[in-house]
Each structure stands twice: as C-alpha cells, then as structure tokens.
There are 2 protein chains.
Amino acid sequence: MTIKTDHRHLYLQVIDRLKDDIAKGVFKEKEKLPSEFELAKSLGISRATLREALRLLEEENVIVRRHGVGTFVNSKPVFTSGIEHLTSISSMIRKAGMEPGTIYLSSMEALSSEDDIKRFHCEIDESVITIERVRTANGEPVVYCVDKVPAKYLPSDFLSRQEGSIFTAIEESGEIRVTYAVTFIDPTGYHEVASPILECEPETALLVLKQLHYNDKDQVVLYSKNYFRADKFSFHVVRKRV
Amino acid sequence: MTIKTDHRHLYLQVIDRLKDDIAKGVFKEKEKLPSEFELAKSLGISRATLREALRLLEEENVIVRRHGVGTFVNSKPVFTSGIEHLTSISSMIRKAGMEPGTIYLSSMEALSSEDDIKRFHCEIDESVITIERVRTANGEPVVYCVDKVPAKYLPSDFLSRQEGSIFTAIEESGEIRVTYAVTFIDPTGYHEVASPILECEPETALLVLKQLHYNDKDQVVLYSKNYFRADKFSFHVVRKRV
DNA sequence: TTTACATCAGATGTCTGATCTCTTCTGTTG
DNA sequence: CAACAGAAGAGATCAGACATCTGATGTAAA
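Residues numbered from 1 in each chain as written. Chains lettered and ligands numbered in written order. Predicted model: local features only at pLDDT ≥ 70, side-chain atom pairs only at ≥ 80, totals over all residues. Heavy atoms only, no water.

Q: It is not clear to me how the protein's contact with DNA strand C should be interpreted in this structure. Could you clarify?
A: If you check the shell around DNA strand C, you find 22 residues, and the closest are Leu10(A), Thr49(A), Glu36(B), Arg51(B) and His67(B). Each atom of DNA strand C within 4 Å of the protein belongs either to a base or to sugar and phosphate, the latter forming 69%. One of the backbone N or O atoms of Glu36(B) is found 2.8 Å from a phosphate oxygen in DNA strand C. Those elements that place two or more of their residues in the surface near DNA strand C are helix H1 (10-24) and helix H3 (47-59) of chain A together with helix H3 (47-59), strand E1 (63-66) and strand E2 (70-73) of chain B. Here the surface near DNA strand C gets three residues from one element, more than from any other, and that element is H3(A). Looking at the surface near DNA strand C, its residues break down into five nonpolar, 10 polar and seven charged. (Near = heavy atom within 4 Å. Polar contact = N/O pair within 3.5 Å; in protein donor to acceptor, adjacent residues only side chain to side chain. Helix = DSSP H or I, 4+ residues; strand = E, 2+ residues; numbered from the N terminus. Nonpolar A, V, L, I, M, F, W, Y, C, P; charged D, E, K, R; others polar.)

Dropping the structure here:
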C-alpha cells in the first residue's frame, strides 16, 4: 500500500497498471493475458471493474479480445506518439534522442485584440500575453513558437521568469488543466518571419500547427502557433474507419 | 423486432442506438440523459452492459459523466471530420459543397519492388498494381494520388474498369475490410511531378499524406500517397492529453 | 439575515456471483 | 478418416447489492 492514495477512479488506475505491465514485458506480445477471472483476482479488483479497463484498452488498440478465446496483447506499441496525442515539443525532441532547449525572443502584454476576444471569449479590456520563442534540438533551431494566453490564466510573475513551460505555468495554480487541443495543420513554403529564424533556405518547407488548447470546461486557455522545420520533424496519425 | 438479427455485441448496438437518439434529438444538449438505472430499464438491458456503452461514448466525447450527478450529452458534434477519421477524398470534397471528379492518368501492373515487399510483406514474384489519378473539385485539380495495392486484393477486371473507388474495389469481395490507416504528414514546397499536375505555382505549398491502410488482421492492403493543394484543403486533429 | 453544518436523496462507482454464449479441443462413432 | 457430440475455458450479459460522491435542503449558530 502506497502512502499517496490515488483518488482517480479505479478503472483508470487499472489501465495504467496494465499498460505499465505490458511495457515492462510482464505480459508479452500476443496471447499471454490471464483470464478475466484470474486477472481480476490477482489485481485485487472485481471483474466488472477490470472489464471497464479492458474495454477501453481494446478501444485504444492495446489489446484484442475474442469471445470464448481470450484477451491478447496487441504487439506494435508503435503509434503511441502520433499527433493525436498531446505531447510537449520538449518530449518530442527528447524522444528523438536530442537535447531540447529554448530561446526567448520576446514577451509582451497587451489588451485583447478582436481575434483574441473571438478565440478566448474574453472581455474587451482583458490583458493577453504573447510569447515568442525558438525551440532548439542540440542547439539547432527547429521550431518557432508564438503563444497567446489571457493574463488571468498565468501567475503574475510569469513574464519576469523568462523560462519554463507555459503549459506547466497555466496548470500551476491547480485550477486549470488542459485536457485536449484542436490542431490545424497547415503547410507553408517560405515564411518571412519563421524561415529566417529557423535558419532554413527558402525551399525548406515548414509545417504550421495552430493549436487551440482547451480546459475541462471547454474554454480556450492557450492559443499557440508552431512552425516546424519539415526536414527535422515528422508527424503521423492513426486514422480509424467510422 | 426486426427480421435481421444483429449479431454484433450488444454494447455496440447500444452505442449506435444512443448516438442515433442523440442525433435525432431524443436527448438534447446538456443534462437530459435519464439515470443509468432508468435508461437500462427502458432499453431492456442490464446496467452493466449500458455502462460499457456509456464508458466508450464518454471516451469518444459524446457524453460526460459526473459521479453523483448524472450523465450529460456533450454538445458540439463538431470536430468529427478531423483527420483522425478515415474518410474518402470524395466525401471531403462533397462536404465542402463541391462536386468531386476523377481523372485517370495511368494504371500499371508490375512485379513487386523491394519497397513493396517491405510494405505489404508480400512475395518477391507477386504482382502489384500502381494507379495514378487526379481528383478534382468542380473540375479543378486539387489532389494527386498514387495508389499501390497487391493484385491479389483487387478483382481481376479492375484495371479495365478505369473508374470507381479503389477502397470499394478492395472490399468488394467481402473478404477484406479496411479498418484503419496510419497517415504520415509531410509538407512539401514545390514537387516536380505533383505541382504541374495540380496546376499550381512553385510557391504553393503541398501537403503530402502517405497512408498505410490496414485490414482487421493488421496487414497492409493499400499504400497511397496523396498530394493535396494546401490552399484548397485544411486538416485538423483533436489531440488528447495522455 | 447570514453563515455553517448536518442530513438526505439520487446519481455514478464498485463489487459479487451467477448464467449465457462462443470457441476450441477432444474423444467417440460410423 | 471424417463427422459429430460433449466438455472445458473464456468472454458477454445479467441481477442485485453496497459504497461513495454531489447537490439541495433544512436547521442551528453567529
């Protein structure tokens, strides 16, 4: 029994536990999973709860269940870093085996523009913070980021910090949690601002991801525009038949 | 009672039924859903089965459940046409209010190349069909498509048809069903083959989607490379926090 | 009047244990 | 050897109970 009691729902903890076990190799590819009855017993939970977890793992393509046969671990834990998962740029760079870095270009605070009001559904006299940064991989510039966030969502001392993740700063108070984002994908050839900053030739294509980050109340809390060097980054998506 | 008995699992039928009801407006936005007990009773199923369906609907963001409060219909059925759903180019064009068309450039049948063998896990002497087409919207070229598919997956008379969806042709026999695809997103500036075909200037950016289509046995049955005019198409993704 | 606390009803979360149905294996029979 | 019947094991579904959370309401104290 751990000190820190996990207050999240049980089936979510079970999902994490099973994913961990699969990742650690406790359960190997194909076959392997014990029957629901045994698995529930060994996890110390009821079969009903285990089944809720299994159903979601099946939906995520982590496992496959066959009536009357058993539950199987799906090999290929590949696509998990696809664009449909919201991950930070830092972790993407780190996963590629390189060291992420950040160069702050500018921060400014201004009253909300017409676009801001539309985006954030905020008041006309609200303060909105705009931050420009360049993300680097092993010291080389790879992404140019422009982030906009209403000042009320950030700690008051944020502008003076000049470092740290905006994401983390927003969630710092504990009142806001970014749960999902809608990303618009937009290829660009030469971009007069981004291309020089990223030190790339005019013929190097850029991929622009415009993202609206939402909290659990479906309010936009962060708008970011990221210019990726297409020759350095690769994105993929798993598309499901509907 | 309908004649055709539905042999799919019960919880899947329940999901469809609930989605239908929401679409039809039987259950309106927010609030509305009866308690699990009542809903199960009115659907003639057990609460456990209903809960399996509800859990998946929650995962799909169709509903929201709050412990001790109730189950609510999530408004905004918006983003459903995002890139994470596998839809045909025709339907994308039609949804934009334009008339889709197809121009066949070439079809050829050849023995598998080294790449083909790697992609399809096929034999070295197998026949692979390559089809080049241009998709049009209101007569204007917007997408250049190169599709590759092992001949064994297609009806023998396919090459002589010169029309119809490759997708449909593959599934025609009833033995194969494409269940999902993995799409790699790749922006390009000028492309020496695609750009002239799409009649676009060198500075018009292209978005290349390379897709591996899988059947339910996780075999690659179709590889397609689609060049979209970036000024005509827009893609978006809903990214979930993990 | 306002605030704080206790209580309660109703909803989802979890558990137990049983039955139903599907798939696979195995042994019998012709 | 093939066809069929049965058994065993697994997931699918069911029925009902209890646990826990949330929101509303009533009541007493400030």
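Q: Quick question: what am I supposed to make of the pattern of salt bridges here?
A: Any two side chains of opposite charge can pair, so long as their charged atoms come close to each other. Enumeration according to the criterion identifies 28 salt bridges over all chains in this entry. Measuring nitrogen to oxygen at the nearest pair gives 2.7 Å for the salt bridge that ties Arg47(A) to Glu36(A). Of this pair, Arg47(A) sits in helix H3 while Glu36(A) sits in helix H2 (residues 36-43), placing them 11 residues apart in sequence. Assessed through its relative accessible area of 43%, Arg47(A) is described here as partly exposed. Among the residues examined, Glu36(A) registers a relative accessible area of 14% and is labelled buried. The residue Glu126(B) makes a salt bridge to Lys152(B) at a minimum N-O spacing of 3.2 Å. Separated by 26 residues along the polypeptide, Glu126(B) in the loop between helix H5 (114-120) and strand E5 (127-137) and Lys152(B) in the loop between strand E6 (140-150) and helix H6 (158-161) bring together distant segments of the chain. Beyond isolated ion pairs, a larger network of salt bridges with shared partners links Glu36(A), Arg47(A), Arg51(A), Arg55(A), Glu58(A), Arg65(A) and Glu52(B). (Salt bridge = Lys/Arg side-chain N within 4 Å of Asp/Glu carboxyl O. Buried < 20%, exposed > 50% of the residue type's maximum accessible area, 1.4 Å probe, protein only.)

Q: Before we go on, may I ask you to explain helix H2 (residues 36-43) of chain B in this structure?
A: Since the α-helix packs 3.6 residues into each turn, any two residues three or four apart lie on the same face. All names here are of chain B. Regarding H2, the residues found buried are Glu 36, Leu 39 and Ala 40. Along the long axis of H2, the arc covered by the buried residues comes to 100°, so they all point the same way. Facing away from the buried side of H2 by over 90 degrees, the exposed positions are Phe 37, Lys 41 and Ser 42. Packed against the buried residues of H2 are helix H1 (10-24), H3 and E1. (Arc of directions from axis to C-beta. Contact = heavy atoms within 4.5 Å.)

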